[in-house]
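If you want the building blocks of each chain, they are given just below.
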Amino acid sequence: MTSRCSGIDLSSDEEEAVHPNIDERSYREWKRRQREERRKGLERRLEEINSSKELSEELAEEKREIERILKPSYVCFETESFRTPSGDAEKDYIQELEYLIVHNELGDFIELMDRCKIDMEEFEFLVLHNLAEQIKEGNDAGGLILSKVSLYVKYALSHGKEFLLKLRAQLTNKERKRQFEEDCKKDFQETKQIFLEQFGP
């Protein structure tokens, strides 16, 4: 199934790949490995900084930035998640993704997850599949939106609903909202660069 929404061509992961040189399941695993490798690299760098005898102002700033990235803004004691069985093996979630292409604020994501029965792991696969397609097509605007949605899904899977609710409350602050949008852009550019290095233009 294919669909077009706000200039973005969406496709189900069950279709034949538009670009035969990309294996989408491999891409999903690669994306997860990328995040884990980046985290481990930051942890190693933090250890190096902490072992330094003298901490310059530059190193102190780098340390604060790494700690900000590694540590979530909130500590969640509840593990409530949006993950639910789909109950329908044929469901491809294109309609839900179309909605998030147009309505892509965090509150929209939370509302959609509350009212729809979605297998979050399958939904993540669909989002990453289409993110890969946008990168291959050179559609940065569409890629940025899907990258933002992929962050929401990642937070839902790793931290649960409680984390997202607290994050939504924090984003009512204009400065934190601006920083979050900048983080989304940075995440997309990093994903795009690494993807193109591995899979080619």
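Our structure's up above, just so we're on the same page.
First, a word on what this report is: a plain description of the structure on this page. (Residues numbered from 1 in each chain as written. Predicted model: local features only at pLDDT ≥ 70, side-chain atom pairs only at ≥ 80, totals over all residues. Heavy atoms only, no water.)

**Considering the overall build of the protein chain**
Moving on, step 1. Within the protein chain, the secondary structure is distributed over eight helices and two strands.
Moving on, step 2. Element order for the protein chain, N to C, with α for helix and β for strand: β-β-α-α-α-α-α-α-α-α.
Moving on, step 3. By residue count, 42% of the 201 residues in the protein chain fall in the buried class.
Moving on, step 4. Taking the intrachain contacts of the protein chain between residues at least 6 apart in sequence as the baseline, contacts between residues at least 24 apart amount to 77%. (Helix = DSSP H or I, 4+ residues; strand = E, 2+ residues; numbered from the N terminus. Buried < 20%, exposed > 50% of the residue type's maximum accessible area, 1.4 Å probe, protein only. Contact = heavy atoms within 4.5 Å.)

**A short note on the environment of Leu112**
Moving on, step 1. Examined against the element boundaries, Leu112 turns out to sit in helix H4 (residues 106-115).
Moving on, step 2. Spatially, the C-alpha atom of Leu112 lies 8.4 Å from that of Leu100, the residues being 12 residues apart in sequence.
Moving on, step 3. Setting aside residues no more than four positions away along its own chain, Leu112 makes contact with Glu96, Tyr99 and Leu100.

**As for the nonpolar core**
Moving on, step 1. In this structure, Leu106, Phe109, Met120, Phe123 and Leu164 are the most contacted members of the largest nonpolar core, which totals 38 residues.
Moving on, step 2. Leu46, Ile49, Leu59 and Ile66 belong to the second-largest nonpolar core, a separate cluster that totals five residues. (Core = buried A, V, L, I, M, F, W, Y, C linked by side-chain atoms within 4.5 Å.)

**Structural notes on the packing of aromatic side chains**
Moving on, step 1. Enumeration over the complete set of coordinates arrives at four aromatic pairs.
Moving on, step 2. An angle of 90 degrees between the planes, with centres 6.1 Å apart, marks the rings of Tyr93 and Phe123 as edge-to-face. Placement of Tyr93 in the loop between helix H2 (57-70) and helix H3 (94-102) and of Phe123 in helix H5 (residues 120-137) is noted, with a sequence separation of 30 residues between them. Of the two residues examined, Tyr93 and Phe123, each falls in the buried class.
Moving on, step 3. A centroid spacing of 6.3 Å and a plane angle of 0 degrees characterise the contact between Tyr152 and Phe180, whose relative ring orientation is stacked. Taken together, the residues Tyr152 in helix H6 (residues 140-159) and Phe180 in helix H8 (residues 174-199) connect sequence positions 28 residues apart.
Moving on, step 4. Taking relative accessible area as the criterion, Tyr152 reaches 0% and is therefore assigned buried.
Moving on, step 5. We classify Phe180 as buried; its relative accessible area is 7%.
Moving on, step 6. An aromatic cluster is built from Phe109, Tyr152 and Phe180, whose rings are joined through pairwise contacts. (Phe/Tyr/Trp six-rings, centres within 6.5 Å; stacked < 30°, edge-to-face > 60°.)

**Points about the pattern of salt bridges**
Moving on, step 1. The final tally for this structure, using the stated rule, is 12 salt bridges.
Moving on, step 2. Its salt-bridge partner being Arg64, residue Glu61 comes within 2.8 Å of it at the nearest N-O pair. Pair noted here: Glu61 and Arg64 are both in helix H2, with a separation of three residues, about one helical turn.
Moving on, step 3. By relative accessible area, which is 48% here, Arg64 ends up partly exposed.
Moving on, step 4. A salt bridge links Glu105 to Lys148; the shortest N-O distance between them is 3.7 Å. Of this pair, Glu105 sits in the loop between H3 and H4 while Lys148 sits in helix H6; the two residues are 43 residues apart in sequence, bridging distant segments of the chain.
Moving on, step 5. The class of Glu105 is partly exposed, set by a relative accessible area of 35%.
Moving on, step 6. On the basis of relative accessible area, Lys148 is assigned to the buried category, the value being 6%.
Moving on, step 7. Salt bridges linked by common partners bring Glu105, Lys148, Lys177 and Glu181 together as one network. (Salt bridge = Lys/Arg side-chain N within 4 Å of Asp/Glu carboxyl O.)

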